[in-house]
Every structure is written in structure tokens, then in C-alpha cells.
Amino acid sequence: MELKTARLTVLIDPAKKKAFEQLCAQQDVTPSQVVRQLIRDYLRRHGVTWQPSGMPDVASTADGER
């Protein structure tokens, strides 16, 4: 898990936002948790590596988090 965070602002249709929030509530997850997972999956799918902010200086791989 990342120790630091940054804000990402996304503009979407209000009806889609409402449906997304309702689905997240039904699944007992926050919208932020779902978006973070989608971003991790997208980076992994495209072979992008990253180092989570605030983590020890050990290379992260695209195949998963620690």
C-alpha cells in the first residue's frame, strides 16, 4: 500500500457517478479503492513498473504489489 497520496480529478456523467457509487457501496468498497485497483491493473497490463510513494527504494514490478 502506498504511504503517500495525490489527488486525481475525473469528470464523468453524474448518472454514471451515482451508479458507480451505488455499486461500490453494495460491494463494500470505496470508489477510491476501485479506481486505485483499476489504475494498478492498467499499468500492469501495459507493462509499466512503478515504485509506490513512501516505500523503501526497492523496484516494484508490474506483476503485483507487495
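**Some points on the overall build of the chain**
- Assigned secondary structure in the chain consists of two helices and zero strands.
- For the chain, the proportion of its 66 residues judged to be buried stands at 11%.
- Put simply, 29% of the contacts in the chain that link residues at least 6 apart link residues at least 24 apart.
- As displayed, the chain offers around 5,700 Å² of accessible surface, 58% of which is attributable to carbon and sulfur atoms.

**Focus on the packing of helix α1 (residues 14–26) against helix α2 (residues 31–45)**
- Interaxial distance between α1 and α2 falls to 9 Å at its minimum, and their mutual angle equals 100°. With respect to each other, α1 and α2 are oriented roughly perpendicular. Note on element contacts: α2 touches α1 through Pro-31, Val-34 and Val-35, opposite Phe-20, Glu-21 and Cys-24.
- Broken down by class, the residue content of the contact of α1 with α2 amounts to five nonpolar, no polar and one charged.

**Examining unusual backbone geometry**
- A positive phi is found at Asp-28, a non-glycine position, where the angle reads about 55°.
- Structurally, Asp-28 can be placed in the loop between α1 and α2.

**Some words on the environment of Leu-8**
- For Leu-8, the position within the fold is in the segment before α1.
- With 24 residues separating them along the chain, Leu-8 and Ser-32 place their C-alpha atoms 9.9 Å apart.

**Points about α2**
- In a regular helix each residue adds 1.5 Å, so 15 residues correspond to 21 Å; α2 covers 21 Å between its end C-alpha atoms and thus fits that length.
- Trailing α2 by a residue or two, Gly-47 shows a phi angle of about 70°, which is positive.

**A word on α1**
- For α1, which comprises 13 residues, the first-to-last C-alpha distance of 18 Å matches the rise-based estimate of 18 Å (1.5 Å per residue) to within 8%.
- In this structure Asp-13 caps α1, since a side-chain oxygen of it lies 3.0 Å from the backbone nitrogen of Ala-15.
- Looking one or two residues past α1, Asp-28 carries a phi angle of roughly 55°, positive in sign.

**Side note on the pattern of salt bridges**
- Tallied over the entire structure, the rule returns two salt bridges.
- For Glu-21, the salt bridge is made with Lys-17, and the minimal N-O distance between the two is 2.8 Å. Within this pair, Glu-21 and its partner Lys-17 are both found in helix α1, separated by four residues, close to a single helical turn.

Here is what the cut-offs are and how they apply
- Numbering of residues starts from 1 in every chain and runs along the sequence as written.
- Thresholds applied to this predicted model are a pLDDT of at least 70 for local features of residues and 80 or more for the giving and counting of side-chain atom pairs; totals over whole chains, interfaces and linings are not thresholded and use all residues.
- Hydrogens and waters are ignored; side-chain quantities use all the structure's heavy atoms.
- Secondary structure is summarised from DSSP: a helix means a run of H or I of at least four residues, a strand means a run of E of at least two, and numbering begins at the N terminus for each.
- When a residue's accessible area, from a 1.4 Å probe over protein chains only, is under 20% of the maximum for its type it is buried; when over 50% it is exposed; and in between it is partly exposed.
- The criterion used for residue contact is that any of the two residues' heavy atoms lie within 4.5 Å.
- All accessible areas in this document rest on Shrake-Rupley with a 1.4 Å probe, and a residue is counted as covered only by the protein chains that are shown.
- Axis lines are fitted through C-alpha atoms, for helices just across the contact stretch, and the angle between N-to-C directions can take any value from 0 to 180 degrees.
- Note on angle classes: values under 35 degrees are labelled roughly parallel, values over 145 roughly antiparallel, values of 65 to 115 roughly perpendicular, and the remainder oblique.
- We call Asp, Glu, Lys and Arg charged. Ala, Val, Leu, Ile, Met, Phe, Trp, Tyr, Cys and Pro are nonpolar, and the rest, Gly among them, are polar.
- How far a helix is expected to stretch is found by multiplying one less than its residue total by 1.5 Å.
- Throughout this description, a polar contact denotes any pair of N or O atoms lying within 3.5 Å of each other; where both atoms belong to protein, one of them has to be capable of donating a hydrogen while the other can accept it, and for residues adjacent in sequence the pair is counted only when both atoms sit in side chains.
- Just to be clear on terms, a salt bridge is a Lys or Arg side-chain nitrogen sitting within 4 Å of an Asp or Glu carboxyl oxygen.

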